[in-house]
Amino acid sequence: MSKLPDNLKYAASHEWVRSEADGTLTIGITDHAQEALGDVVFLELPEVGRKVATGESCAVIESVKAASDIYAPVSGEIIANNSDAVDAPESVNSDAYATWLFKIRPDDPAQLGKLMDAAGYSASIAE
Amino acid sequence: MNAPARLTPLHEQHLAAGARMVNFAGWDMPVNYGSQIAEHHAVRRQAGMFDVSHMLALDLTGTDATPFLRGLLANDVARLRQPGKALYSCMLNKNGGVIDDLIIYRLADDDYRLVVNAGTADKDLVWIRGHIATTGANVTLQGRRDLAMIAIQGPQARELFGAALPQLREASAALAPFFGIRLGETFIGRTGYTGEDGLELALPATEASAAWQALAATGVAPCGLGARDTLRLEAGMNLYGQDMDESVTPLDSGLAWTVDLRDEARSFVGRDALALKPATKRLLGLVLEAPGVLRAHMPIHTAAGDGETTSGSFSPSLEKAIAFARLPLEVEPGEQVSVDVRGKPLPARVVKLPFVRNGAAQI
């Protein structure tokens, strides 16, 4: 059973988004996603400074099973990526919500309103 | 794809252990019980067990069993000179293409146990029965869907097997590698698909759960299809349907060593075709020298021409991506080649198989 933090927003493509006090966003993938992927072995994260559009594929998570794209949940500029996660990709499996992948300075904070809350995401993955 | 998946006798055990399940060859099978990488390491370092009940055990008996099998299989059962000895063989069609690969144990001149793949079992039964009819051989073929099968593999596998199933300890301890023994309806083979020592157990389905639980209680780790694939890949063992199929000969699949041509008087299905089709490709290993994972059907570029990966994955023991590659005959181990990985050319090194033997890296 995936544990879904209430303080996060969620994209349909299984990214979680945390709003920081300084207006930037921290992004990772959900527990549901890591379980479906299986053991993660490589991460390719976007370079700092890259501009991304909403829904643009900007990172790749590769598990033993398959390579999956990670999509920017909002448009903006990449301001950080998590090199610790790159060195220990299995941390995505052990705690998906504690393992951030990259941070965005959003072009328009209002875009956050288009993402799901925990209840909405939970309903979307229920079968 | 609409028929419900078939369930093995151990299905409840997998669900109870929280396995992630997948449809494999029409069977609902465990992919992993949490982490396939952890399960892989358990097999290389201690012991792991696999439900392989989706595969099919066959009993082939009768006065013509030996000559019949010598005419059916590319490897020669005449080389099995002691009771219980086993060999690995391909079964070919008349074009030399591979219908299936299998292990066969000779229990007596008129009594053989075969184990065939899950996805090809129905096809194999039709094929073998057809050949019995064509040849008029005095043999009986019986599929053993009444049996469950468990593979217990790893350096501690045989020891833990003896501790978990003490009534089988003496018989299993006496088995030499690639030998099998039948005890009533139970069968133990010292064979496997991981490159480690271990045993494969066939037993009545009604007894399977108790055996599985007893093995788990001694510390044998349940392992799923994900680990099964990374283990066999490291061990250089082909997977039917990926590394070979009916469209290729064993000679182009790294399996020339399983085709026994020494007895020129032995005619077997596909022999004549192989004589006309020498190898046109070779199957070798590939190690990726960049981050990423190799998978099947990736194009390979070499100085001698193009090739393709047939199987690939991430090797937990080597911590690198590895693959089997069907390559031009001129390519040699040690060469650098380039592989198209999701649209990008990445460097890889050609190596001889296997990648890992007895737990140690060979490359």
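The structure presented is a predicted model; accordingly, all values stated were derived computationally and were not measured.

## So, the overall build of chain A
- The helix and strand tally for chain A stands at four helices and nine strands.
- Each helix and strand of chain A, ordered N terminal to C terminal, gives the series β-β-β-α-β-β-β-β-β-α-α-β-α.
- Relative to its length of 127 residues, chain A is compact, with a C-alpha radius of gyration of 13 Å against a globular reference of 14 Å.
- Its C-alpha atoms give chain A principal-axis dimensions of roughly 35 × 30 × 25 Å.
- Counting only residues that meet the buried cut, chain A has 38% of its 127 residues in that class.
- Relative to all contacts within chain A whose residues are 6 or more apart in sequence, the contacts with residues 24 or more apart total 63%.

## Considering the overall build of chain B
- A tally of regular secondary structure across chain B gives nine helices and 21 strands.
- Expressed as lengths along the three principal axes of its C-alpha atoms, the size of chain B is roughly 55 × 50 × 45 Å.
- Relative to all contacts within chain B whose residues are 6 or more apart in sequence, the contacts with residues 24 or more apart total 67%.

## A few points about the confidence of the model for chain B
- Residues with a pLDDT of 70 or more make up 99% of chain B, whose mean pLDDT is 97.
- Two numbers describe this predicted complex: its pTM, 0.95, and its ipTM, 0.89.

## Brief notes about the interface of chain A and chain B
- Facing the eight residues of chain A at the interface are 12 residues of chain B.
- Looking at the side of chain A that touches chain B residue by residue, the classes come out as four nonpolar, two polar and two charged.

## A closer look at the sheet that holds strand β10 (residues 180–183) of chain B
Residue and element names in this part refer to chain B.
- Pairing is mixed in the open sheet, where six strands are placed in the order β10-β11-β12-β9-β3-β13. Strands with a single pairing partner mark the edges of an open sheet, and in this sheet they are β10 and β13 (221–222).
- Strand direction decides the pairing type here: strand β3 (residues 48–51) and β13, joined by two bridges, are parallel. Within β13, the position partnered with Met49 by the bridge is Pro222.
- Set on the sheet, helix α2 (residues 36–45) makes contact with β3, β9 (147–153) and β13; between it and β3 the angle comes to about 120°.

## Looking at the environment of B:Ala202
Residue and element names in this part refer to chain B.
- Looking at the secondary structure, you find Ala202 in strand β12 (residues 198–204).
- C-beta crowding within 10 Å serves as the criterion here: with 24 such atoms nearby, Ala202 is assigned to the buried category.
- Between the C-alpha atom of Ala202 and that of Phe187, which follows or precedes it by 15 residues, the distance is 5.0 Å.

## A few points about the domain arrangement of chain B
Residues and elements named next belong to chain B.
- Each assigned domain of chain B is listed here: domain 1 (1–278) and domain 2 (280–361).
- Facing the 18 residues of domain 1 at the interface are 21 residues of domain 2.
- Counting only elements with at least two residues in the side of domain 1 that touches domain 2, the list comes to α2 and α8 (225–234).
- Residues belonging to the side of domain 1 that touches domain 2 are distributed by class as follows: five nonpolar, eight polar and five charged.

## A word on the sheet that holds strand β14 (residues 281–288) of chain B
Residue and element names in this part refer to chain B.
- Ordered by their spatial adjacency, six strands build a closed barrel running β14-β17-β16-β15-β18-β19, and the pairing between neighbours is antiparallel. Strand-to-strand twist of the sheet, defined as the mean angle between neighbouring strand axes without regard to direction, takes the value 40°.
- Across six bridges, strand β18 (residues 336–341) lies against strand β19 (residues 344–351) in antiparallel orientation. When the sheet's bridge partners are listed, Asp340 is paired in β19 with Pro345.
- Packed onto the sheet, α8 meets β16 (305–315) and β17 (320–328) and runs at close to 125° relative to β16.

Quick notes on the rules
Residues numbered from 1 in each chain as written. Chains lettered and ligands numbered in written order. Predicted model: local features only at pLDDT ≥ 70, side-chain atom pairs only at ≥ 80, totals over all residues. Helix = DSSP H or I, 4+ residues; strand = E, 2+ residues; numbered from the N terminus. Rg over C-alpha atoms; globule rule 2.2 N^0.38 Å. Buried ≥ 20, exposed ≤ 12 C-beta atoms within 10 Å, placed from the backbone. Contact = placed C-beta atoms within 7 Å. pLDDT = per-residue confidence, 0-100. Nonpolar A, V, L, I, M, F, W, Y, C, P; charged D, E, K, R; others polar. Pairing = 2+ DSSP bridges. Axes fitted to C-alpha atoms, helices over the stretch in contact; angles between N-to-C directions. Domains from an automatic or database assignment.

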